[in-house]
Amino acid sequence: MAYVIPKDLQVMAAKGALFIVADGMGGHAAGEVASEIAVDTVSNAYYQDDSDDVATSLLQAIRRANAAIHQRAAENMLRSGMGTTCVAAVLRGNMAYIANVGDSRAYLVRNGQAKQISQDHSWVYEQVRAGLLTEDQARTHAQRNVITRCLGTQAEVEIDVFPEQLEDGDSLVLCTDGLSGLVGDDELRKIVEQFVPQESVYHLVERANENGGPDNITAIVVHVQEVGVEPPNIRHPVRVGGREVGEDTKVLGLLPSSQGTLSARNGEVRSSTTVPLHISSGPLASPGTAIAPQLAAEESSSKRNRL
Ligand code: CA
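Conventions we followed
- Residues numbered from 1 in each chain as written.
- Predicted model: local features only at pLDDT ≥ 70, side-chain atom pairs only at ≥ 80, totals over all residues.
- Heavy atoms only, no water.
- Helix = DSSP H or I, 4+ residues; strand = E, 2+ residues; numbered from the N terminus.
- Buried < 20%, exposed > 50% of the residue type's maximum accessible area, 1.4 Å probe, protein only.
- Contact = heavy atoms within 4.5 Å.
- Areas by Shrake-Rupley, 256 points an atom, 1.4 Å probe, with all protein chains shown as cover.
- Donors = N, O, S within 2.8 Å, 3.2 Å for Na, K, Ca; no water.
- Pairing = 2+ DSSP bridges.
- Axes fitted to C-alpha atoms, helices over the stretch in contact; angles between N-to-C directions.
- Polar contact = N/O pair within 3.5 Å; in protein donor to acceptor, adjacent residues only side chain to side chain.
- Parallel < 35°, antiparallel > 145°, perpendicular 65-115°, else oblique.
- Left-handed = near helix turned anticlockwise from the far one by under 90°.
- Phe/Tyr/Trp six-rings, centres within 6.5 Å; stacked < 30°, edge-to-face > 60°.
- Lys NZ or Arg CZ within 6 Å of the ring centre and 35° of its normal.

Caption draft 1: Spotlight on the overall build of the protein. On a plain count of helices and strands, the protein comes out with eight helices and 14 strands. A buried classification covers 54% of the 307 residues belonging to the protein. Put simply, 71% of the contacts in the protein that link residues at least 6 apart link residues at least 24 apart. Surface accessibility of the protein: about 13700 Å² in total, with carbon and sulfur atoms responsible for 47%.

Right, here's the structure in full:
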């Protein structure tokens, strides 16, 4: 997994923050190489592309990752057939753009409901969509590990992108099947609603382990405290009037005239708390910062059960 919350406010306004989870396959060593290439390539290529069209940029970055993994697999016989799933989310202003290949998932938790945004590219979920299996049957089916699309095994890959309008209080969960296969939507929702993002990840992994936990688990939880605005003309530099923004406080889509801002915080430091506007100090903003931290971002936890 990886996430990028740009420190540069103009980069943040133009490109947003990126979160990505990848679950490698093709033998343990090769799978780890594939997932690492995926997260590195996507997070670098996305920000190197100076287009402000998030969806196009994200697709292009994932295509690059596919090509890079495919090439590496071709160079080394031991890695032939290696591949990885990939689920990535870019949050900018009031929008989230979620892209996926394979069966790692993105969920949106909003108003007491957890909705899966991504669509699994797996054999069992093709059967579910065709009405031939139920969700419960898919969860326990012997063929549940068979995925129908992934990065790296083919020269070209088809990628799905789901634009989603954000609302205040939304949470996004990106995770591998090690979590989604063992923790139901409702269990997931309850945990994400009850705890701050960093603690949610811990409890989600715990729950998956309590429910059997046979697989590696990687998850990212992102909480949006207050959505921002989509910049109307982000090709022009965005002036922020000399405000100082703390290391762990980021602003997405902040415009001089805008009331609504979306800022993000790396959950590594401490769990999020609500901080009023115009605070002069506090854990989430440096002195003099008049920007409320609106997006409490996540931390991820990865657990490895090697079998
Ligand atoms: Ca897995």
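Continuing now.
Caption draft 2: Examining the coordination of the calcium ion more closely. At the metal site, the calcium ion is ligated by D23 (OD), D177 (OD) and D215 (OD), and these contacts range over 2.3 to 2.4 Å. Counting residues between consecutive donors of the calcium ion along the chain gives the motif D-x153-D-x37-D. Taken together, the residues D177 in helix α6 (residues 177-180) and D215 in the loop between α8 (197-210) and β11 (217-224) connect sequence positions 38 residues apart.

Caption draft 3: Quick look at the sheet that holds strand β2 (residues 17-21). Taking strand neighbours across the sheet as the criterion, the five strands line up as β1-β2-β5-β6-β9 in an open arrangement whose pairing is antiparallel. The sheet is open, and its two edges are formed by β1 (2-4) and β9 (160-165), each paired on a single side. Ignoring which end each strand starts from, the neighbouring axes of this sheet average 15° apart. Bridge analysis of strand β6 (residues 95-101) against β9 gives six bridges, and the strand direction is antiparallel.

Caption draft 4: Spotlight on the pairing of strand β8 (residues 113-116). Pairing of strand β7 (residues 105-110) with β8 involves four bridges; the strand directions are antiparallel. Residue V109 lies in a different strand from β8, and its bridge partner there is A114. Counting the residues in the hairpin turn of β7 and β8 gives two residues, including N111, whose phi is positive at 45°.

Caption draft 5: Representation of the side chain of R92 in the model. The topology assignment puts R92 in strand β5 (residues 86-92). By relative accessible area, R92 is classed as buried at 5%. There is a polar contact of 2.8 Å between the side chain of R92 and the backbone oxygen of D52.

Caption draft 6: View of the packing of helix α7 (residues 185-194) against α8. Between α7 and α8, the least distance of the axes is 9 Å, while the angle of their chain directions is 150°. Classified by the angle their axes make, α7 and α8 are roughly antiparallel. For the pair α7 and α8, the sense of crossing is right-handed. Across from E187, L188, I191 and V192 in α7, the residues of α8 making contact are S200, H203, L204 and R207.

Caption draft 7: Examining the packing of aromatic side chains more closely. Counting across every chain of the model gives two aromatic pairs. Between the aromatic rings of Y46 and Y47, the centroid separation amounts to 4.9 Å while the plane-to-plane angle is 85°, which identifies the pairing as edge-to-face. Take Y46: its relative accessible area is 0%, and that puts it in the buried class. The ring of Y125 carries the charged tip of R105 above its face, separated from the ring centre by 4.9 Å.

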